[in-house]
Amino acid sequence: MELKVIKIGGNVIENETALEAFITDFAAVKGPKILVHGGGKLATQLAKKMGIETTMVEGRRITDAETLKVITMVYGGFANKNIVAKLQGNGCNAIGLSGADGNVIQAIKRPVKTIDYGYVGDVTGISEQTIDALLKNGLTPVFCAITHDGNGQLFNTNADTIAATIAVGMSNLYDTALYYCFEKNGVMRDINDDDSVIEHINTQNYPTLLEEKVVSDGMIPKLHNAFEALKQNVKKVCIGNTKMIVENSQQKHTTITL
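Fair warning: this is a prediction, and the values are worked out from it, not measured in the lab. (Residues numbered from 1 in each chain as written. Predicted model: local features only at pLDDT ≥ 70, side-chain atom pairs only at ≥ 80, totals over all residues. Heavy atoms only, no water.)

1. Notes on the UniProt feature "binding site: substrate" (unreviewed entry) in the protein chain
In the UniProt entry, the feature "binding site: substrate" (unreviewed entry) is given for Gly-39, Gly-40, Arg-61 and Asn-156. A stretch of 118 residues holds the annotated residues, and the largest C-alpha distance among them is 12.1 Å, short enough that they meet in one place. When you line up the elements, Arg-61 lands in strand S4 (residues 60–61). In this fold, Asn-156 is placed in strand S10 (residues 154–156). On the basis of relative accessibility, which here comes to 8%, the residue Asn-156 falls in the buried class. Here Asn-156 is in contact with Arg-61, Thr-63, Leu-68, Ile-71, Tyr-75, Tyr-119, Val-120, Gly-121 and Ala-145, once residues within four sequence places are set aside. (UniProt positions renumbered as here; feature names shortened; annotations may be inferred. Helix = DSSP H or I, 4+ residues; strand = E, 2+ residues; numbered from the N terminus. Buried < 20%, exposed > 50% of the residue type's maximum accessible area, 1.4 Å probe, protein only. Contact = heavy atoms within 4.5 Å.)

This is the structure:
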């Protein structure tokens, strides 16, 4: 049986119309499924209202103690429960979780090399049996991008990485497919041309795409996560807009294989 692990980006969460459309489509996905979400822009907005400065280095948030409070409020609170409530309204029996709930996602504080990211976690493992128990009881887990170290410390953690780690861990029990949903139609040859989707990326053509700078910036870590997941038994990884999860969808998207 295939388990779908679906990650949605912040631009979907922050756009009420886009979120409603996604919720409808996600609720209709048949079989076991898991949702992972972030909410960075919402956290930045709340931090600003609270007078807490947001510091980004190379696109990554520095998470000090005050920022961690905001992240927890937004990711684990408003964003997560808003999604769960909307899924319930669409007949999908969802349960909202952070990594600390049920000890489902364990992490360690990211080691300080050149930059101290603060309370940012690197995932060390998941509790697949606990997640499986939820799935077997007809529940759909909805994970926010927060993990913990088992000693009472929460961490802000990259949602793409969480999704990949869950897909890898659950591949011991299911055939897993990982879907990265965001506002674009996939990995594009030309960012301004919605039809320029590269429909297949594998280990053969990926180095050329890197060399030609077709793949750059934020897409590189996403694809790195994709290849690492595939090497660890995930069956397929897809990147594209939310319509790709619809059954028999003709929506163009990018499929990553080894």
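Structure shown, so let's carry the discussion forward.
2. Some points on the packing of aromatic side chains
According to the stated counting rule, one finds 2 aromatic pairs in the structure shown. Here the aromatic rings of Tyr-206 and Phe-227 are separated by 5.0 Å at their centres, their planes lie at 50°, and the arrangement is tilted. Taken as a pair, Tyr-206 in helix H7 (residues 206–211) and Phe-227 in helix H8 (residues 219–231) lie far apart in primary sequence, 21 residues in all. Comparing Tyr-206 with Phe-227, the two get one shared label, buried. The ring of Tyr-117 carries the charged tip of Arg-110 above its face, separated from the ring centre by 5.3 Å. Taking NZ or CZ as reference, Lys-222 lies 5.1 Å from the ring centre of Tyr-180, over its face. (Phe/Tyr/Trp six-rings, centres within 6.5 Å; stacked < 30°, edge-to-face > 60°. Lys NZ or Arg CZ within 6 Å of the ring centre and 35° of its normal.)

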